[in-house]
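A look at the structure
Residue strings, one per chain:
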Amino acid sequence: MSLHFPTYFQGSLRREIRELYGSVGFLTFAVSAIQLFEAAYLYALGYSLRQIMLFWLIVYLLDLVLLPLGAIVALRHGYEHAMLYSSFFMVLYFMTLVLLPGLHILFFVAPVFLAVQKALYWPAYHADCATYMNPKDEGGEIAMMRAIAVIASILGPVFGGIMIATVGFTALFVLVCVLIVCSNLPLLSTREVVVAKTERFRSFYLHWLAPERRRNLFAYVGFGEAVVDVVVWPIFLMLALSSYLSTGILFSGATLLTALLMLWIGRVTDHVHRVRFLRWSAVVTAMSWLLRPLGIAPLHFFAFDTFGRFSRESLGIPLLSLTYDDAKNHDLMHTIVNYQLSLAFGKALSAFALFVLFSVTSTMTHAFFIAAGFSLLFTLWKPTPAPS
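First things first, this report covers the structure right here in the doc. (Residues numbered from 1 in each chain as written. Predicted model: local features only at pLDDT ≥ 70, side-chain atom pairs only at ≥ 80, totals over all residues. Heavy atoms only, no water.)

**As for the overall build of the protein**
Rule in force here: In this description a helix means any DSSP run of H or I spanning at least four residues, a strand means any run of E spanning at least two, and both kinds are numbered starting from the N terminus. Burial classification: accessible surface area is computed with a 1.4 Å probe over protein chains only, and a residue below 20% of its type maximum counts as buried, one above 50% as exposed, and the rest as partly exposed. By the convention used here, residues are in contact when the closest approach between their heavy atoms is within 4.5 Å. Accessible areas in this description were obtained via Shrake-Rupley with a 1.4 Å probe; residue shielding takes into account the shown protein chains only.
Looking only at helices and strands, the protein has 14 helices and zero strands in total. Across the 388 residues in the protein, those meeting the buried criterion constitute 57%. Contacts in the protein between residues at least 24 apart in sequence constitute 86% of all its contacts with a sequence separation of at least 6. Surface exposure of the protein reaches about 15700 Å², of which carbon and sulfur atoms provide 70%.

**Notes on the packing of helix 9 (residues 225-241) against helix 14 (residues 365-376)**
Applied cut-off: The angle between two axes is taken between their N-to-C directions and runs from 0 to 180 degrees, where each axis is a line fitted to C-alpha atoms and a helix contributes only its stretch in contact. An angle below 35 degrees is read as roughly parallel, one above 145 as roughly antiparallel, one from 65 to 115 as roughly perpendicular, and any other as oblique. Left-handed describes a crossing whose near helix is turned anticlockwise from the far helix through less than a right angle; right-handed describes the clockwise counterpart. Under the convention adopted here, Pro, Cys and the residues Ala, Val, Leu, Ile, Met, Phe, Trp and Tyr are nonpolar, Asp, Glu, Lys and Arg are charged, and Gly plus all remaining residues are polar.
Taken N-terminus to C-terminus, the directions of helix 9 and helix 14 make an angle of 160°; their axes are 9 Å apart at the nearest point. On the basis of the axis angle, helix 9 is roughly antiparallel to helix 14. Crossing geometry of helix 9 relative to helix 14 is assigned as left-handed. For the pair helix 9 and helix 14, contact is made by Glu-225, Val-228, Val-232, Trp-233 and Phe-236 and by Thr-365, Ala-367, Phe-368, Ala-371, Phe-374 and Ser-375, respectively. In the contact of helix 9 with helix 14, the residues fall into eight nonpolar, two polar and one charged.

**A word on the pattern of salt bridges**
For the record, the criterion: Each salt bridge in this description consists of a side-chain nitrogen of Lys or Arg and a carboxyl oxygen of Asp or Glu lying within 4 Å of one another.
Counted according to the given criterion, the structure contains five salt bridges. Across the pair Arg-15 and Glu-19 runs a salt bridge whose closest N-O atoms are separated by 3.0 Å. Linking Arg-15 with Glu-19, this pair stays in helix 1 (residues 15-44), spanning four residues, or about one helical turn. Exposure remark for Glu-19: the relative accessible area of 2% places this residue in the buried category. In this structure, Glu-225 and Arg-312 form a salt bridge, with 2.7 Å as the shortest nitrogen-oxygen distance. Separated by 87 residues along the polypeptide, Glu-225 in helix 9 and Arg-312 in helix 12 (residues 298-329) bring together distant segments of the chain. Judged by relative accessible area, which is 3%, Glu-225 ranks as buried. The exposure class assigned to Arg-312 is partly exposed, which follows from its relative accessible area of 24%. Through salt bridges that share partners, Arg-15, Glu-16 and Glu-19 make up one connected network.

**Side note on the side chain of Ser-203**
Going by this rule: A 3.5 Å cut-off defines polar contacts: any pair of N or O atoms within that distance qualifies, except that in protein one atom must be a possible hydrogen donor and the other a possible acceptor, and neighbouring residues in sequence count only when both atoms are side-chain atoms.
For Ser-203, the location among the structural elements is in helix 7 (residues 201-208). Taking the relative accessible area as the measure of exposure, Ser-203 reaches 12% and is therefore buried. In this structure the side chain of Ser-203 is engaged in a polar contact, spanning 3.0 Å, whose partner is the side chain of Glu-199. Within the structure, Ser-203 has its side chain in polar contact with the side chain of His-334 (distance 3.1 Å).

Structural data, given as structure tokens:
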């Protein structure tokens, strides 16, 4: 599968990036059809908010342990192969969710499959991007990747909502599994050239905890706010709107507006001081969380979700661009795993904080203040000095 964008980029796209665009489009549509409803599915099965946060805490604690192994697989077998392997664990994850109503022990098995999928996919994905993106067009290419993901996810929540309302969760899970397998087709269109490398498991943690990288470790912990966005916010909306379909339509509408501005963000980040842009976007993202408790009507929720998505993309695009630059100036896979370990650590901290919160109260709006606090940590980010 080959995608062409003749006017947006200054140079030509590498084959590897074109294939990744196609794969991301497939995968994002599949995952977005169900991801919005994952937490709501657990909630509908009778699991409490506290138990749901325990579920995600297990995922991210396992991710902290498994990420170096995922990186080692990518270095030995290739980035695209690691992403291919990850898809089968995602299918196993969704299958355990399908069987969960009759086998509640799978509540503790599903996080294992999801953590393995994350450990295999994300180091390989980011290493692929950092290796093959054009430095002159990096912000634009990241924005295009995000725009493809956003466009694919516009129809996903509506499609998922219709499927749940008409044929139920099980049929949706099965169809999503088929689409996840199909997302590998673009990656398999040409043969990947692999130069096998070896790395010690322990070296990734030593690199991650090195004093000169500690500030960025805490900056990436800001991704803890995503736990609130993916888990608490959808349940909050579901209860407020009382409909899977209405929630899916609201998310799709907010996503469409965000997509219209995504490519502009990418162009801007190629021509402005990216660190300053990142820090301002972090403050705006925190503000978007502080506004959400004020919502009392669907139009309010739509506006707040759109504002939140736009501010998070304004933050995420320059942050990834800066991270890829850091990776090219240092050891690439170690830098990518630093990013992923800090992200997993931040999400584990957030899940634990929410677990404690929901042990004493069921008021979900308190979680939005936790998300705002995590968002501000992104302001700590600064480039790591290049080795002399």
